Amino acid sequence: MKKEPKNLGKIRRLTDVVGIDFSTTSTKVVRLKKNKGEMSLVGVDLLPALDFGSASQQIELPRNMIANYSCLAYSGSAAVVRMIKDPLPAEEITLSEARLRELLNLEDHFRVSATLIKRGTGRQDSHFITAAIPEDDVRFLLNIFSSGSPAPASIEVAGLSFIAAFLNARGDECANESVCVIESGESVSNFAFINQGEIVLVGKFGFGGGMLRSKVVKDLGVDDELAGSILQDRSINISATISDVMTPFLKQLSISKDFIERHHGCRVSKVYVSGGLSLLPHWASVFKSMIHAEIIHWSPFEKIQYDSEVLPESLAKQATRFSAAMGAAIGGLEAV
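Residues numbered from 1 in each chain as written. Predicted model: local features only at pLDDT ≥ 70, side-chain atom pairs only at ≥ 80, totals over all residues. Heavy atoms only, no water.

J.: Mind showing me how you'd approach the nonpolar core here?
T.: It is characteristic of soluble globular proteins that their nonpolar side chains tend to be buried jointly. One finds Phe22, Val30, Leu32, Val202, Phe301 and Met326 to be the most contacted residues of the largest nonpolar core, which totals 66 residues. Those residues within four positions of Val30 in sequence are excluded, and the remaining contacts are Val17, Val18, Gly19, Leu41, Gly43, Val44, Met65, Phe301, Phe322, Ala325, Met326 and Ala329. (Core = buried A, V, L, I, M, F, W, Y, C linked by side-chain atoms within 4.5 Å. Buried < 20%, exposed > 50% of the residue type's maximum accessible area, 1.4 Å probe, protein only. Contact = heavy atoms within 4.5 Å.)

J.: Explain the pairing of strand β1 (residues 16-22) to me, please; I cannot follow it from the model alone.
T.: Looking along a regular strand, one sees the side chains alternate between the two faces of the sheet. The element β1 is largely enclosed, with a buried count of seven among its seven residues. Residue alternation in β1 divides its side chains into two sets, Asp16, Val18, Ile20 and Phe22 and Val17, Gly19 and Asp21, and both sets are buried. Summarising the sheet, β1 and strand β2 (residues 26-35) pair through seven bridges and their orientation is antiparallel. Bridging across to β2, Gly19 finds its partner in Val30. Here six bridges tie β1 to strand β4 (residues 69-74), and the two strands are oriented parallel to one another. Bridge pairing links Asp21 to Ala73 in β4. (Helix = DSSP H or I, 4+ residues; strand = E, 2+ residues; numbered from the N terminus. Pairing = 2+ DSSP bridges.)

J.: So what exactly am I meant to see when it comes to the sheet that holds strand β6 (residues 110-118) here?
T.: The strands making up a sheet associate through hydrogen bonds between their backbones, and the pairing can be parallel or antiparallel. Here three strands make up an open sheet; going across it, the order is β5-β7-β6 and the pairing antiparallel. Looking at strand neighbours, the two that pair on one side only are β5 (80-86) and β6, the edges of this open sheet. Averaged over all pairs of adjacent strands, the angle between their axes in this sheet comes to 25°, without regard to strand direction. Alignment of β5 against strand β7 (residues 126-134), held across seven bridges, turns out to be antiparallel. Within β7, the residue paired with Val80 across the bridge is Ala132. Its contacts with the sheet put helix α2 (residues 135-143) on β6 and β7, and the angle it makes with β7 is roughly 65°. (Axes fitted to C-alpha atoms, helices over the stretch in contact; angles between N-to-C directions.)

J.: For this particular structure, what's the right way to read the packing of helix α3 (residues 158-170) against helix α9 (residues 323-334)?
T.: Two measures define how a pair of helices packs: the angle their axes make with one another and the distance between the axes. Orientation of α3 relative to α9, taken along the N-to-C sense of each, is 75°, at an axis distance of 7 Å. Compared by their axis directions, α3 and α9 come out roughly perpendicular. Here Ala158, Ser161, Phe162, Ala164, Ala165 and Asn168 of α3 lie close against α9, whose contacting residues are Ser323, Ala324, Met326, Gly327, Ala328, Ile330 and Glu334. (Parallel < 35°, antiparallel > 145°, perpendicular 65-115°, else oblique.)

See below:
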């Protein structure tokens, strides 16, 4: 779901777009082109993270990463992603901003948006995916693109944009199944349950790699840098430490999974994982033992054409970190 900047008209039929994910640890950038229905990757880069608490400055992208328009995603801690239900008149396609703020319990300093997922019939409520971003963060992002290219065509919460990348890569193989999709980064984990190709639940949890490192620092008495190395080492068994930190998140996920299975009469047997945290060698095994489902790694560059020199090995190994940036770009190219 896109959140379009207020000072821009709707941009239609983009064929060349830069997707940028402003995450806690880095800025992920991809450039996608679309020709005759086929999407191709023409550039990818990993840049330093931006400090949203500082004064915003014009961003400088490598020349090969500049298109006329950009689609932005970010993982701000105050951003909101939620499923809601509410009556919707037959002539309407979404809820008013005032009603969204009321349902989300948010003040006027949030920019809010909703996408209709399922229209209710009779007395049934309609289902929406909603997102909210603090206005200060919106202004920060617009200011770093205040002149020249790429002009921002949309701003999106990363907790939703990664879903578009997943559906492009693996949507066909799970079109008739019920699956869970998780994106875990430095400080936030986002999840979505998809049943028969329809998003039925989304959520966000304050869990990420930073919490794991802090736990290793505390348990083993090492510094933060060494803790990061230990988390990457397959020969050191820290499953118990990872399990302790992950338990609250996995309990919430398990409750959501049980709810979806009961409410929709299905079985969620697969969990697709992406994000920097999914690269840790012990993470998936702990996850599988606690959630009782098959854990599947996937790449946002699947089903995307590209030459080998576009994606160097150093970045190919980190492909999963680009899910939100790719999702933002794909959403821009597929906008009607």
